[in-house]
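Geometric and topological summary
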Amino acid sequence: MRKIVVLSGAGVSAESGIKTFRETGGLWEEYNIEDVATPQAWQKNMELVQRFYNARRKQLLEVEPNPAHLAIAALEEHFDVHVVTQNIDNLHERAGSSKVLHLHGELTKSRSSVDPELIYDINGWEIKMGDLCEKGSQLRPHIVWFGEMVPELENAARLAQTADILIVVGTSLNVYPAASLIHYAPYDAPKFLVDPNELFVDGVTNLTFIKEKAGVGMPELREKLIADWA
Ligand code: APR
């Protein structure tokens, strides 16, 4: 079976009703990254950070995977599919994808603020102030904040390096190191970029740009990949 690596971003969940970050009306127009998504923000105002992620976790309980997530999951019938997502939602998993690597963490999990090895599933949508880990420290969102290390990066790079086919869907490729993964894929591997907006991507060979929303472009691409490569 050929190996497909999918690098996804907020755009793949846009049609499920989850805001992207950098488009007009995006999340970073509503909130300052410095107030809610950095270790300094956590030290300065834990309650505000908790409220930001609790609100996003509550919304996640009310949305569903969309045809893009479902098409990516359905590719597993014909290919060895590895999803490397920048998203913290669980929509790829809920659509049926069985191999999902979260570069920026997972909204549905909390973590000890003194021992990063202590990770817990969150039942419901809230991490409350006073919810403590087994070592007695306040639980924090299990999210990679700006300025923090990306623990899964090496695994993600290894996946991209060994991809037979690379799909990049719903990411502005603005945030590193995630955005660098497109350059790890083999020179001759077919690469597909699915995004309704124009993206400037330099130095990438064998690239096909599918200028569509993911909910339309991904089902079309699935059909094409099965016809040409399965
Ligand atoms: N289908 C496909 N792509 C879409 C759709 C859609 N329906 N709607 C928007 N897009 C595209 C936009 O054109 C843009 O290229 O999705 C991309 C969203 O870009 P960003 O908002 O920058 O999101 P992302 O690339 O995932 O951000 C990366 O930045 O804030 C951090 O940690 C956060 O993981 C996030 C990272």
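Residues numbered from 1 in each chain as written. Predicted model: local features only at pLDDT ≥ 70, side-chain atom pairs only at ≥ 80, totals over all residues. Heavy atoms only, no water.

1. Description of helix α9 (residues 214-229)
What counts here: Only protein chains enter the accessibility calculation, which uses a 1.4 Å probe; a residue is then buried when its area is under 20% of its type maximum, exposed when over 50%, and partly exposed in between. Put simply, DSSP H or I for four residues or longer makes a helix, DSSP E for two residues or longer makes a strand, and each gets a number counted from the N terminus. To obtain the arc, one takes the directions from the helix axis to the C-beta atoms. Any two residues having at least one pair of non-hydrogen atoms within 4.5 Å are treated as being in contact.
Those residues of α9 that fall on the buried side of the exposure criterion are Ala214, Gly215, Gly217, Met218, Leu221, Arg222, Leu225 and Ile226. An end-on view of α9 places all buried positions within 165° of arc, on one side of the element. Where α9 is buried, its residues meet β1 (3-8), α1 (11-14), α6 (67-74), β7 (165-169), β8 (191-194) and β9 (207-210).

2. A closer look at empty space enclosed by the protein
Left-over empty space is what a probe sized like a water molecule reveals as it rolls over the atoms. Stated formally: The method works on a 1 Å grid over the protein atoms by themselves. A cavity is a set of points holding a 1.4 Å probe that cannot get out, a pocket is an open set with protein on both sides within 12 Å along at least five of seven lines, and residues with an atom within 4 Å of a point line them. Grid points are joined across faces, edges and corners, and a volume is the space filled by probe spheres set on the points. Residues were grouped as follows: Ala, Val, Leu, Ile, Met, Phe, Trp, Tyr, Cys and Pro as nonpolar; Asp, Glu, Lys and Arg as charged; and all remaining residues, including Gly, as polar.
Applying the stated criterion across every chain yields a total of one cavity of 30 Å³ or more. Taken together, Val5, Leu7, Val84, Ala156, Ala160, Leu166, Leu181 and Ile182 make up the full set of residues lining the largest cavity. Counting residues per element, the ones that place at least two in the lining of the largest cavity are β1 and α8 (153-161). The residue inventory of the lining of the largest cavity, partitioned by class, reads eight nonpolar, no polar and no charged.

3. Regarding the sheet that holds strand β5 (residues 119-121)
The condition is simple: Paired strands are those between which DSSP finds at least two bridges. Helix axes are fitted only over the stretch in contact, all axes being lines through C-alpha atoms; the angle between N-to-C directions runs from 0 to 180 degrees.
One open sheet accounts for three strands, arranged β5-β4-β6; its pairing is antiparallel. Both outer strands of the open sheet, β5 and β6 (139-143), are each paired with one neighbouring strand and no more. Geometrically, the sheet is characterised by an average inter-axis angle of 45° between neighbouring strands, direction not taken into account. Bridge analysis of strand β4 (residues 105-112) against β5 gives three bridges, and the strand direction is antiparallel.

4. Some points on the pairing of β6
Where burial is concerned, most of β6 is hidden: five out of the five residues are buried. For β4 and β6, the ladder comprises five bridges, and the chain directions are antiparallel. Along β6, the bridge assignment pairs serine 112 with leucine 139.

5. Quick look at the domain arrangement of the chain
For clarity, the threshold we go by: For each domain, the first and last residues come from an automatic or database assignment. The term buried area denotes the loss of accessible surface (1.4 Å probe radius) that occurs when two parts are joined, taken as the sum for both partners.
Entries for the chain in the domain assignment read domain 1 (1-17 + 65-104 + 150-230) and domain 2 (19-62 + 108-143). With centres defined by C-alpha atoms, the gap from domain 1 to domain 2 works out at 25 Å. Counting residues at the interface gives 14 residues for domain 1 and 11 residues for domain 2. Here domain 1 and domain 2 share an interface that buries about 880 Å² over both sides, 59% of which is from carbon and sulfur atoms.

6. So, the packing of aromatic side chains
Defined as follows: Geometry of aromatic contacts follows a simple scheme: Phe, Tyr and Trp rings, the Trp one being its six-membered ring, pair when their centres are within 6.5 Å, and the pair is stacked under 30 degrees between planes, edge-to-face over 60, tilted otherwise. Definition used: whenever NZ (Lys) or CZ (Arg) falls within 6 Å of the ring centre and also within 35 degrees of the ring normal, the charge is taken to sit over that ring.
Counted under the stated rule, the structure contains seven aromatic pairs. Summarising the aromatic geometry, the rings of tyrosine 53 and tryptophan 145 are spaced 6.5 Å apart at their centres and angled 40° between planes, so their arrangement reads as tilted. Of this pair, tyrosine 53 sits in helix α5 (residues 46-60) while tryptophan 145 sits in the loop between β6 and α8, and the two are 92 residues apart along the sequence. Under the relative-accessibility criterion, tyrosine 53 is labelled buried at 2%. A network of ring pairs unites the aromatic residues Phe21, Trp28, Tyr31, Trp42, Phe52, Tyr53, Trp145 and Phe146 as a single cluster. Looking at lysine 58, its charged tip hangs above the ring of tryptophan 125, at a distance of 5.1 Å from the centre. The ring of tryptophan 145 carries arginine 140 above its face, with NZ or CZ at 3.8 Å from the centroid.

7. Remarks on the site of the ligand
For the record, the criterion: When at least one non-hydrogen atom of a residue lies within 4 Å of a molecule or strand, that residue is treated as near it. We call two N or O atoms a polar contact when they sit within 3.5 Å, provided that within protein one can donate a hydrogen and the other can accept it, with sequence-adjacent residues counted only if both atoms are side-chain atoms. Here the accessible surface of atoms and residues is derived via Shrake-Rupley with a 1.4 Å probe, and residues count as covered only by protein chains that are part of the display.
Close contacts around the ligand come from 23 residues, with Phe21, Arg22, Ser172, Asp195 and Asn197 the closest. Contact distances for the ligand include 2.8 Å between a nitrogen atom and a side-chain N or O atom of glutamate 15. Between the ligand and histidine 104 there is a distance of 2.9 Å, counted from an oxygen atom to a side-chain nitrogen or oxygen. Taken by itself the ligand offers 730 Å² of open surface, and the protein chains cover 94% of this. Within the shell around the ligand, the residues separate by chemical class into nine nonpolar, nine polar and five charged. Split by domain, the shell around the ligand shows at least three residues from each of two domains, domain 1 (1-17 + 65-104 + 150-230) and domain 2 (19-62 + 108-143).

8. Considerations on unusual backbone geometry
Negative phi values dominate among residues other than glycine, just as trans dominates among peptide bonds. Cis rather than trans, the peptide bond between tyrosine 176 and proline 177 has omega equal to 5°. Among the structural elements, proline 177 can be located in the loop between β7 and β8. Phi at leucine 173 takes a positive value of approximately 55°, unusual for a residue other than glycine. If you trace the backbone, leucine 173 turns up in the loop between β7 and β8.

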